[in-house]
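Each chain, written out:
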Amino acid sequence: MSVLIIAEHAGGVVKKATYSAINFGKIVAERIGADFNIAVIGHNVGAAAQTLAGYGAATVYTVDDESCAHYIAQPHAAAAAVVARESGASWVVTAATATGFGLLPCVAVRLEAGLASNVTGLAGSGADVKLVRPMYSGKAMAVVEITTDVKAVSVPAAGWDVATPTGGSSAITASAGGAAAAKEASGAVTWVSFKASGGGDRPDLNEADIVVAGGRGLKGGDQFFTLLDPLVASLGAGLGASRA
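Every residue gets a number counted from 1 within its own chain, in the order that chain's sequence is written. Per-residue local features are limited, in this predicted model, to residues with pLDDT of at least 70; the limit for side-chain atom pairs, both in listing and counting, is 80 or more; totals at the level of whole chains, interfaces and linings are taken over all residues. Calculation of side-chain values draws on the structure's entire complement of heavy atoms; hydrogens and water are dropped beforehand.

Visitor: It is not clear to me how a nonpolar patch on the surface should be interpreted in this structure. Could you clarify?
Guide: A residue counts toward a patch only above 30% relative accessible area and without a salt bridge, and it is joined to like-charged neighbours within 9 Å or, for Val, Leu, Ile, Met, Phe, Trp and Tyr, to nonpolar neighbours within 5 Å. Shrake-Rupley sampling with a 1.4 Å probe provides the accessible areas, and residues are treated as covered by the protein chains on show and by no other component. Each reported salt bridge corresponds to a side-chain nitrogen of Lys or Arg within 4 Å of a carboxyl oxygen of Asp or Glu. Together, Ile210, Leu231 and Leu235 line one region of the surface with nonpolar side chains, adding up to about 240 Å² of accessible area. If you trace the backbone, leucine 231 turns up in helix α6 (residues 221-235). Runs of E in the DSSP output that reach at least two residues are strands. Runs of H or I that reach at least four are helices, and both are numbered from the N terminus.

Set out below in structure tokens:
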């Protein structure tokens, strides 16, 4: 029994949202009396793995294969499922990002795990871990329990403090089985290219230290950008909006 956090990274740099997922994983591990581990999946993942080795995990597992050089759900999910089994994971955790929302259901299917997304809090006591998550666009909060042996959870960066380095150094272990599974699962979909949508130099919302958001009070799209763009530029902020 252990907790496995699947890290997000790019160009050797760990994504900010991952540190929130690590903090959640550490809290759950303490409650169930287990270790937590981290999986770093990709190609040339050494720098990211070295960074994450300082956050108190029992082991940082790496899956380093060309089939995972770019995010594609099938090979990444295959690799993550193998690492989950190798590490004896009873909990698998990702950040609630575009990547996490795409990856975690695929991992859950392979592990026959129940899934709760966008978890913002914990309930229950001790090893009886229940999960708090928003419903109906945040108008209600639900307390849910995953009853499968393996549990899959995604957590939003804004809902949890980021983990801080512990000063230690975790063991780094390469998962040959994970790399083999990723390679085997990579044939159905091939990476072609990626073109980021607009936003200019604005930071990604999950990485931004400041977020400026607008909603119905701005009375339409023209007002939204006319009023908020200058403020966002002056603050170096991310730009968000309500769901309305």
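Visitor: Where do I start with the packing of aromatic side chains in this structure?
Guide: Each aromatic ring pair is described using two quantities: the centre-to-centre distance and the angle formed by the ring planes. Under the pairing criterion, centres of Phe, Tyr and Trp rings, with the six-membered ring standing for Trp, must be within 6.5 Å; the plane angle then separates stacked pairs below 30 degrees from edge-to-face pairs above 60, leaving the rest tilted. All told, the structure shown has 3 aromatic pairs when counted by the stated rule. Arranged with centres 5.0 Å apart and planes meeting at 35°, the rings of tyrosine 19 and tyrosine 55 form a pair that is tilted. Placement of tyrosine 19 in helix α1 (residues 16-32) and of tyrosine 55 in the loop between α2 (46-52) and β5 (59-64) is noted, with a sequence separation of 36 residues between them. Taken as a pair, tyrosine 19 and tyrosine 55 share a single burial class, namely buried. Arranged with centres 5.0 Å apart and planes meeting at 75°, the rings of phenylalanine 224 and phenylalanine 225 form a pair that is edge-to-face. Burial classes follow relative accessibility: with a 1.4 Å probe on protein chains only, a residue under 20% of its type's maximum area counts as buried, one over 50% as exposed, and anything between as partly exposed.

Visitor: Would you explain the pairing of β5 in this entry?
Guide: Within a regular beta strand, the side chains point alternately toward one face of the sheet and then the other, so they alternate between its two faces. Most of β5 is tucked away, with 5 of its 6 residues classed as buried. One ladder, built from 5 bridges, connects strand β4 (residues 35-42) with β5; its direction is parallel. Bridging across to β5, glycine 42 finds its partner in aspartate 64. Taken together, β4, α2 and β5 constitute a β-α-β crossover, and its handedness is right-handed. Whether two strands pair depends on DSSP finding at least two bridges between them. Across 4 bridges, β5 lies against strand β12 (residues 171-174) in parallel orientation. Bridging across to β12, tyrosine 61 finds its partner in threonine 173. Consider the strands pointing away from the viewer: the crossover is right-handed when the path from the first strand over the helix to the second runs clockwise.

These results come straight from atomic positions and should not be treated as a statement about function.
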